[in-house]
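Observations on the model geometry
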Amino acid sequence: MTRLGLIGLGTWGKNLLRNFSNLPECEVLVCCDQKKEQLEKIQNIYPKFKFVQNYKEVLKDKDVDAVVIATPPDSHFEIAYQAISFEKDVFVEKPMVLKIEEGEKLLRVAKDKKRILMVGHIMEYHSAVLKLKEYVKGGELGDVYYLYATRVNLGKVRDIENALWSFAPHDISMILFLLGEEPKTVTATGQCYLQKKKGIEDVAFLTLHFDDGVMAHIHVSWLDPHKERKLTIVGNKKMAVFDDMRSAEKIWIYDKGVDTKLDYNTYGEYLSLRFGDILIPKIDSSEPLKAECQHFIQCVNDRNTPRSDGEDGLRILKVLEAAQRSLEKGGTPEEIKS
Ligand SMILES: NC(=O)c1ccc[n+]([C@@H]2O[C@H](COP(=O)([O-])OP(=O)(O)OC[C@H]3O[C@@H](n4cnc5c(N)ncnc54)[C@H](O)[C@@H]3O)[C@@H](O)[C@H]2O)c1
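Report on the accompanying structure.

So, how was this worked out
- Residues numbered from 1 in each chain as written.
- Predicted model: local features only at pLDDT ≥ 70, side-chain atom pairs only at ≥ 80, totals over all residues.
- Heavy atoms only, no water.
- Pairing = 2+ DSSP bridges.
- Helix = DSSP H or I, 4+ residues; strand = E, 2+ residues; numbered from the N terminus.
- Salt bridge = Lys/Arg side-chain N within 4 Å of Asp/Glu carboxyl O.

This brings us to the sheet that holds strand β14 (residues 271-279). Working definition: the strands of a sheet are paired by backbone hydrogen bonds and lie parallel or antiparallel to each other. Taken in spatial order, the 9 strands line up as β14-β13-β12-β11-β7-β10-β9-β8-β15 in an open sheet, and their pairing is mixed. On the outer flanks of this sheet lie β14 and β15 (334-335), each paired with one strand and no other. With 7 bridges connecting them, strand β7 (residues 144-154) and strand β10 (residues 215-221) associate as parallel partners. Looking at β10, one finds that Tyr 146 is bridged to Met 215.

Set out below in structure tokens:
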């Protein structure tokens with residue numbers, strides 16, 4: 001039985017707490033938030049847990065095997081690094097940390113201490129994404145030409161990380177997971193409207209370039225009239241749309257494309273448009289966060305490497321850092337460190 005300490009019980013931490021506390025394979029021992037009012041809100045729901053305001057008390061608690069970190073990103077490195085130094089396994093929310101050097105240091109200490117390090121790249125646990133991966137890997141869509149993802153809504157406006165660092169880890173991790181490869185370059189543009197003085201971009205558009213001309217475009221914003229969570233994949237055989245705002249029928253596979261003929265007289269005959277059937281596959285409707293929490297506990301119990309391990313965290317971090325460089329230079333193509 002894995003015994004857990006949760007650090008950071010704000011908007012997202014509460015969801016993590018709800019899921020972990022419902023898993024029979026683990027036991028939540030202690031909850032920590034530096035704000036007393038956050039603790040008081042949950043104390044009524046979970047009176048049996050221990051509540052502390054200083055995260056170091058969680059780390060020093062010898063009964064705690066693993067910690068779950070859902071504090072703002074600028075504190076991830078310090079808390080995760082110390083937790084591993086205290087021999088705890090660690091689940092840390094996205095973005096893993098804010099600098100590549102910090103990410104590399106975290107991976108090193110996790111390796112030295114033989115600790116599990118998992119990053120909250122939730123889309124890699126989403127049943128729709130797992131289904132799409134089957135289609136991409138199995139060749140159902142043919143060769144992938146390009147993809148585009150939209151993750152926009154109104155709020156929550158953050159004041160530490162910009163919309164790129166807040167939202168894009170989801171889409172970058174999902175796209176890299178689906179393609180099974182890493183981009184070579186990225187271009188990004190964006191603007192600060194609400195917090196100009198602080199230089200925090202509310203909106204960003206990025207384009208990742210992979211080998212063989214494969215391209216992925218990502219639009220993220222917390223200043224938008226729509227709430228959209230959508231991914232379109234265009235392959236040379238079929239096309240897929242994943243709409244995460246739908247409560248059911250989240251994936252639509254379109255047998256659409258443009259075929260070329262060997263035998264033709266005119267250019268019009270050479271290219272023929274294909275409008276075939278639409279398939280809506282049945283997918284498991286369970287909460288992705290539950291699958292993610294279960295995966296972490298399983299990895300801790302079996303000492304297995306998580307799907308979204310520290311290496312995955314570092315891969316996403318390298319894309320984010322290059323995208324940030326591009327953003328600051330007004331959209332120049334930036335190489336992604338391998
Ligand atoms: N996976 C997802 O879909 C998803 C969704 C939302 C947020 N997140 C991530 O979760 C993390 C938290 O986001 P949030 O929206 O819950 O933020 P939040 O501001 O609502 O909550 C953060 C909490 O951490 C506490 N905290 C800050 N520093 C602390 C410290 N040193 N010790 C103890 N407590 C501390 C704050 O008091 C606050 O209650 C971020 O990394 C964010 O990117 C992930």
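With that settled, the discussion passes to the pattern of salt bridges. In total, this model carries 21 salt bridges according to the counting rule given. Its salt-bridge partner being Lys 238, residue Glu 140 comes within 3.0 Å of it at the nearest N-O pair. Remark: Lys 238 occurs in the loop between β11 (223-235) and β12 (239-243) and Glu 140 occurs in the loop between α6 (127-137) and β7; sequence separation between them is 98 residues. One salt bridge connects Asp 259 with Arg 274, and the closest N-O pair in it is separated by 2.9 Å. With a gap of 15 residues between them, Asp 259 in strand β13 (residues 251-260) and Arg 274 in strand β14 connect regions that are remote in the sequence. Here the salt bridges share partners, and the residues they tie into one network are Asp 89, Arg 115 and Arg 303.

Everything listed is a geometric property; what it means functionally is a separate question.
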